[in-house]
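Observations on the three-dimensional arrangement
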Amino acid sequence: MYRFSRASTARTARSFRLALRSYSTKEPTLKETFAASLPHKIEQVKALRAAHGEDKLQETTMNMVYGGQRGMINLIWEGSVLDPEEGIKFRGYSIPEISEKLPKAPNSSQPLPEGMFWLLLTGEIPTAAQVKALSAELHARSTLPEHVSEILAHTPKDLHPMAQLCLAVNALESESSFAKAYDRGLAKSDYWQYVFEDSLDLIAKLPTVAAIIYRNVFHDGVVAATDANLDYSANFSKQLGYNSEEFAELMRMYLTIHTDHEGGNVSAHTTHLVGSTLSSPYLSLAAGFNGLAGPLHGKANQEVLGWLLKLKEVIGANGGKAEVEAYLRETLSSGRVVPGYGHAVLRKTDPRYSAQRLFAQKHLPDFPLFKLVSQVYEIAPKILAEKQKIKNPWPNVDAHSGVLLQYYGLTEQSYYTVLFAVSRAFGVLPQLIIDRAYGLPLERPKSFSTEKLAEKFKFKLP
């Protein structure tokens, strides 16, 4: 069982200082890079608001209000923007560009998520030396306080892994630099520095929390020690119980492409909203994770996998295109959707799906479930395009990710959202730092009742 003591915590603090000296570089650190860029960014925001602060972005319609605010532009999110035709852009970079430009581990073809964190916070591509130093810093911050490991050790195994994750992140509030500094008295201009410290601590500790949950619930409860010479994803893979470089490659890709997806999704917006109350990053992220746990958000890849396994069962080992097409049409005719296909914004194949497909073609081309995914990819868009109400017949990210995890033996589907959560922290925490650096206020949108809306439009309700 993973155990911690005060002595081990003290050793960790010493190792943290040593690690920073060991990986010292003349290049600016992440915090220094962000701090240097901040005055210019704040002036940009001021100039934009001065010039266009009263200009309308769009007209809100009744359908937007009742339709989950789809399409309403009412949130600042610097990390990524979703373009209907080009897909997700991280600080202006596409997924292929991210794959090419971000630093990689030795002999690896996948970008390191530590580099993605740097990019999402600063807008700059870090050097290999900067990412190596950040990896070392995260490793030095990774030790859990004893009470958190004790909570996880005594949590019932049948409590959902996401509930356990949220419980642990809430319990980590005891470590919040921001909460402690705020209670002592803190200038508003300094908020971001303490949110930065909490965010790095959170990113660092999440793999150990996630690994303890996985090993406790599904295996023997033993979590391997981390290695200061390994990158974040390789250590996470090791803690989960994998000693495969190929699985570490999968984690590098998975954690990178799932980090950020604009600010309007539930996990991102919830973290941002709760953070606007000046709750600590721990409480804010736990709130976002609770949203991610919902069936309409983070569990989508499980629904895809269930549908694929049922398809495999129905058509058998020798099923071909005709059988796949028949099953697709039967799914639609019964009033169900084809899970993993369609997107609220995208109007093309999700680039995150394409990245996973390239990985599968390289590492698991003969895996039966991947072959089935490929068959569906060939057939489904044509059938879905026949339906006039379907604006996007192409696959999204969830159409592929579960199949990759199945291939490597991580078959426990209730755990998949925990992996998503570790990745999503890399996207929402940089924005939380930016929110406090920009001095963004408490969010408080105006709401109307149905009766008030009817009164506004002089409409007599039936």
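For every chain, the first residue of the written sequence is number 1, and numbering continues from 1 along that sequence. Side-chain atom pairs in this predicted model are given and counted only at pLDDT of 80 or more, local residue features only at pLDDT of at least 70, and totals for whole chains, interfaces and linings cover all residues. By convention in this description, side-chain values take in all heavy atoms of the structure and omit both hydrogens and water.

Going by an unreviewed UniProt entry, the protein chain carries the name Citrate synthase and comes from Starmerella bacillaris. UniProt positions are given in the numbering used here, feature names are shortened, and annotations may be inferred rather than shown by experiment. What UniProt states about the protein chain under its Sequence similarities (unreviewed entry) heading is, verbatim, "Belongs to the citrate synthase family."

Focus on the UniProt feature "active site" (unreviewed entry) in the protein chain
The positions UniProt marks with the feature "active site" (unreviewed entry) are His297, His343 and Asp398. Across 102 residues in sequence, these annotated residues keep their C-alpha atoms within 12.2 Å of one another, forming a single compact spot. We count a stretch as a helix when DSSP gives it H or I for four or more residues in a row; a strand needs E for two or more, and each element gets its number in order from the N terminus. Mapped onto the elements of the fold, His297 is located in the loop between helix H14 (281-292) and helix H15 (300-315). Here the term buried applies to any residue with accessible area under 20% of the maximum for its type, exposed to any over 50%, and partly exposed to those in between, with areas from a 1.4 Å probe on protein chains only. Residue class for His297 comes out buried when judged on its relative accessible area of 15%. Should any heavy atoms of two residues lie within 4.5 Å, those residues are considered in contact. Those residues in contact with His297 that lie beyond four places of it in its chain are Asn265, Val266, Ser267, Gly291, Leu292 and Arg424. Mapped onto the elements of the fold, Asp398 is located in helix H19 (residues 398-407). By relative accessible area, which is 14% here, Asp398 ends up buried. Those residues in contact with Asp398 that lie beyond four places of it in its chain are Ala300, Asn301 and Val304.

Brief notes about the packing of aromatic side chains
In this scheme Phe, Tyr and Trp rings, the latter by its six-membered ring, pair at centre separations within 6.5 Å, and the angle between planes marks the pair as stacked below 30 degrees, edge-to-face above 60, and tilted otherwise. As enumerated under the stated definition, the model contains 17 aromatic pairs in all. A ring pair is formed by Trp192 and Phe196, whose centres lie 6.4 Å apart and whose planes are at 85°; its orientation type is edge-to-face. One end of the pair is Trp192 and the other is Phe196, both in helix H10 (residues 191-218) and 4 residues apart, which spans about a single turn. Taken as a pair, Trp192 and Phe196 share a single burial class, namely buried. Measuring from centroid to centroid gives 5.6 Å for Tyr214 and Phe218, while their planes differ by 50°, and the two rings are tilted. Separated by 4 residues within a single helix, Tyr214 and Phe218 lie in helix H10, roughly one turn from each other. Accessibility expressed as a relative area gives 2% for Tyr214, which makes it buried.

So, unusual backbone geometry
A positive phi angle is found at Arg91, which is not glycine, with a value near 50°. Inspection of the secondary structure assignment puts Arg91 in the loop between strand E2 (87-90) and helix H4 (95-101). Of note in the backbone geometry, Leu278 takes a positive phi value of approximately 70° without being a glycine. Mapped onto the elements of the fold, Leu278 is located in the loop between helix H13 (266-275) and H14.

Things to note about the side chain of His272
Following the sequence through the fold, His272 ends up in helix H13. Since its relative accessible area comes to 5%, His272 is described here as buried. Discounting residues that sit within four places of it in the chain, His272 has contacts with Leu75, Ile76, Trp77, Leu432, Asp435, Leu440 and Glu443.

Considerations on the packing of H15 against H19
To define axes, lines are fitted to C-alpha atoms, for helices over the stretch in contact only, and angles between the resulting N-to-C directions are given on a 0 to 180 degree scale. In the contact formed by H15 and H19, the axes pass within 8 Å of each other and the chain directions differ by 75°. Our classification of the angle between H15 and H19 gives roughly perpendicular. Where H15 approaches H19, its residues Ala300, Asn301, Val304, Leu305 and Leu308 are matched on the opposing element by Asp398, Ala399, Ser401, Gly402, Val403 and Gln406. Grouping the amino acids of the contact of H15 with H19 by side-chain chemistry returns 6 nonpolar, 4 polar and 1 charged. Any angle that falls under 35 degrees is termed roughly parallel, while one over 145 is termed roughly antiparallel, one within 65 to 115 roughly perpendicular, and all others oblique. For this classification, Asp, Glu, Lys and Arg are treated as charged, while Ala, Val, Leu, Ile, Met, Phe, Trp, Tyr, Cys and Pro are nonpolar and the rest, including Gly, are polar.

Focus on the packing of helix H2 (residues 30-52) against H10
Contact pair H2 / H10: the axes reach a minimum separation of 12 Å and the direction vectors enclose 150°. The angle between H2 and H10 falls in the class roughly antiparallel. Read as a crossing pair, H2 and H10 show a hand that is right-handed. Of the residues in H10, those in contact with Leu30, Lys31, Phe34, Ala35 and Leu38 of H2 are Trp192, Gln193, Phe196, Glu197 and Leu200. Of the residues contributing to the contact of H2 with H10, the split by class is 7 nonpolar, 1 polar and 2 charged. In this scheme, a crossing is called left-handed if the near helix is turned counterclockwise away from the far one by less than a right angle; it is called right-handed if the turn is clockwise.

Things to note about the pairing of strand E1 (residues 80-83)
The two faces of E1 differ: Ser80 and Leu82 on one face are buried, but Val81 and Asp83 on the other face are not. Summarising the sheet, E1 and E2 pair through 4 bridges and their orientation is antiparallel. The residue of E2 that forms the bridge with Asp83 is Gly87. One requirement defines pairing of two strands: DSSP has to find at least two bridges between them.

Details of the pattern of salt bridges
Any carboxyl oxygen of Asp or Glu within 4 Å of a side-chain nitrogen of Lys or Arg constitutes a salt bridge here. This structure, assessed with the given rule, holds 16 salt bridges. Across the pair Lys321 and Glu378 runs a salt bridge whose closest N-O atoms are separated by 3.0 Å. Linking Lys321 in helix H16 (residues 321-333) with Glu378 in helix H18 (residues 368-385), this pair joins segments that are 57 residues apart in sequence. Of the charged contacts, one joins Arg329 and Glu325 as a salt bridge, the two residues approaching to 3.2 Å between their closest N and O atoms. Of this pair, Arg329 and Glu325 both sit in helix H16, 4 residues apart, which is roughly one turn of that helix. Residue classification places Glu325 among the partly exposed positions, given a relative accessible area of 24%. Linked through salt bridges whose partners overlap, the residues forming this network are Lys31, Glu137, Arg141, Glu197 and Asp201.

Structural notes on the nonpolar core
Burial of nonpolar side chains together is a common tendency in soluble globular proteins. Working definition of a nonpolar core: buried Ala, Val, Leu, Ile, Met, Phe, Trp, Tyr and Cys residues. They are joined through side-chain atoms within 4.5 Å. Core analysis: the biggest nonpolar cluster contains 114 residues, and Leu165, Phe289 and Tyr415 have the highest contact counts within it. Tallying contributions element by element places H10 first for this core, with 16 residues. Other than its neighbours up to four places away in sequence, Phe289 contacts Met162, Leu165, Cys166, Val169, Leu206, Ala421 and Ala425.

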